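Descriptive analysis of the structure
Spelled out from the first residue to the last, the chains are:
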Amino acid sequence: MASPTFSSLFKLSTFTLCLWVLLGTTSGQLSANFYARTCPNFRSVITRAVNTAVANEARMGALLLRLHFHDCFVNGCDASVLLDDTANFTGEKSAGPNSNSARGFDVIDTIKTQLESQCPGVVSCADILSAAARDSVVALGGPGWGAVFGRRDSTTASQSAANSNLPSPASSLSGLISSFSNKGFTANEMVALSGAHTIGQARCSIFRSRLYNENNLNSSFATSLRANCPSSGGDNNLAPLDASATSFDNRYFNDLISQRGLLHSDQELFNGGSADAQFKDHFGCFGSPRTCMEQLDMHGHTCMDIEDSMG
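A few words on the packing of aromatic side chains. Per the counting criterion, the structure on display carries nine aromatic pairs. Seen in terms of ring centroids, tyrosine 35 and phenylalanine 42 are 4.7 Å apart; in terms of plane orientation they differ by 65°. Their pairing is edge-to-face. Look at tyrosine 35 and you get buried, because its relative accessible area is 2%. Under the relative-accessibility criterion, phenylalanine 42 is labelled buried at 4%. One aromatic cluster is present, formed by Phe34, Tyr35, Phe42 and Phe149 through successive ring pairs. The side chain of arginine 226 reaches across the aromatic face of tyrosine 212, ending 5.4 Å from its centre.

A word on the pattern of salt bridges. By the definition in use, this model includes nine salt bridges. Between arginine 103 and glutamate 57 there is a salt bridge, with its nearest N and O atoms 3.0 Å apart. One end of the pair, arginine 103, is in the loop between helix H4 (59-72) and helix H5 (105-118); the other, glutamate 57, is in the loop between helix H3 (42-56) and H4, with 46 residues separating them in the sequence. A residue is classified by how much of its surface remains accessible, and arginine 103, at 33% relative accessible area, is partly exposed. Ionic pairing is found between aspartate 135 and arginine 134, a salt bridge with its closest N-O pair at 3.3 Å. On the basis of relative accessibility, which here comes to 4%, the residue aspartate 135 falls in the buried class. Accessibility expressed as a relative area gives 19% for arginine 134, which makes it buried. Salt bridges sharing common partners tie together Arg43, Arg134 and Asp135.

Here, the word disulfide means a covalent bond between the sulfur atoms of two cysteines. What the rule picks out here adds up to three disulfides. The disulfide that involves cysteine 39 links it to cysteine 119, with 2.1 Å between the sulfurs. As the torsion about the S-S bond is roughly 75°, the cysteine 39-cysteine 119 disulfide counts as right-handed. Within this pair, whereas cysteine 39 is found in the loop between helix H2 (15-23) and H3, its partner cysteine 119 is found in the loop between H5 and helix H6 (125-139), the two being separated by 80 residues in sequence. Accessibility assignment for this pair places cysteine 39 and cysteine 119 in one class, buried. Through a disulfide, cysteine 204 is tied to cysteine 229; the S-S separation comes to 1.9 Å. Its torsion about the S-S bond being 75°, the disulfide of cysteine 204 and cysteine 229 is classed as right-handed.

Turning to H5, a few remarks are in order. Along an α-helix, residues three or four positions apart point the same way, because every turn accommodates 3.6 residues. Look at H5: 20 Å from first C-alpha to last across 14 residues, which is about the 20 Å you get at 1.5 Å a residue. Summarising the contacts, the buried residues of H5 are in contact with H3, H4 and H6.

Turning our attention to the nonpolar core. In this structure, Phe42, Ile46, Leu67, Leu82, Ile108, Ile111 and Leu115 are the most contacted members of the largest nonpolar core, which totals 41 residues. Elements with a minimum of two residues in this core: H3, H4, H5 and H6. The element that contributes the greatest number of residues to this core is H6, accounting for eight residues. Contacts of phenylalanine 42, omitting those with residues within four sequence positions, involve Tyr35, Leu115, Val123 and Phe149. The next biggest cluster of nonpolar side chains, apart from the first, holds 20 residues, and it includes Leu173, Leu193, Phe253 and Leu269.

The rules we used
- Within each chain, residues carry numbers counting from 1 in the order of the written sequence.
- Since the coordinates come from a predicted model, pLDDT governs what is reported: local features require at least 70, and pairs of side-chain atoms require 80 or more to be given and counted, while whole-chain, interface and lining totals use all residues.
- To get the side-chain values, all heavy atoms of the structure are used, and hydrogens and water are removed first.
- Aromatic pairing here means that ring centres of Phe, Tyr or Trp (its six-membered ring) are within 6.5 Å. Orientation follows from the plane angle: under 30 degrees is stacked, over 60 is edge-to-face, and everything else is tilted.
- The buried label goes to any residue with under 20% of its type's maximum accessible area, the exposed label to any with over 50%, and the partly exposed label to all in between, with areas taken from a 1.4 Å probe on protein chains only.
- Whether a charge sits over a ring comes down to the Lys NZ or Arg CZ being within 6 Å of the ring centre and within 35 degrees of the ring normal.
- The salt bridge criterion pairs a side-chain nitrogen of Lys or Arg with a carboxyl oxygen of Asp or Glu, the two atoms within 4 Å.
- Secondary structure counts use DSSP, requiring at least four H or I residues in a row for a helix and at least two E residues in a row for a strand, with both numbered from the N terminus.
- When two cysteine sulfur atoms are found within 2.5 Å, that pair is recorded as a disulfide.
- Multiplying one less than the number of residues by 1.5 Å gives the expected span of a helix.
- Note on definitions: a residue-residue contact is assigned when non-hydrogen atoms from the two residues lie within 4.5 Å.
- Nine residue types can take part in a nonpolar core, namely buried Ala, Val, Leu, Ile, Met, Phe, Trp, Tyr and Cys, and a core is a set of them joined through side-chain atoms within 4.5 Å.

What is shown is where atoms sit, not what they do.
Okay, structure coming up:
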């Protein structure tokens, strides 16, 4: 099949496209039908559990998506983020980007327990994380994508790799571009994948420095935030990442254009830098996600581009 033009890819490289690249593959190793014979009902088990969890706490959708992203960005999509410390390694749970913020482990445990009762020893935790991330986006009104399975679980984890690989909320634009480039993403795809911040919340301690020290912040937005995030104290008080943080939409991109980015790293994507021009191209495809997914089949990226780079 012929590849689309750069122009069409530029416009269609949205969050759903990039997330499919991160979660899926066209390498032949993974398959949508991987568990067709060994655990045919595994998708319905995961979907029900995710829907229940999100119904009980809408924020859980963002947490499960984040959990999978934090897994994939450290040595591949291998469920290493789920592992507790052992005598042989210090796990990723206690790494700076995950400590006191990574959640959703109980939902994954519940899903694993339910699947073990039906198909013992069959479905990997890595595949559960992948499917749960997709179902979380759908549960919050976002588009689905063609998930593929067959990942293997890691037996080890690396706190140091999590600390060095995961992008920081204090990152500069050049730092973000470098971080995503190391995983096989272009700057354009990095902007698209950042659209995941259309859902979820952040703690005051994460955005306080931006709130009190940066000028590229809408004044009324800053005033409203300061009421819940004083210059000292209230570290764990939460604020939404965009104005509709329990709906998967394109509000995140609109908010950044209005200088209402909660995190320093988010506002860096639209702050007079090299990402500004491409940034505005990430509105259109939210209205037609299926078309975007179809275009991805012609994109030329595969999950191997990312997983190989992650070791």
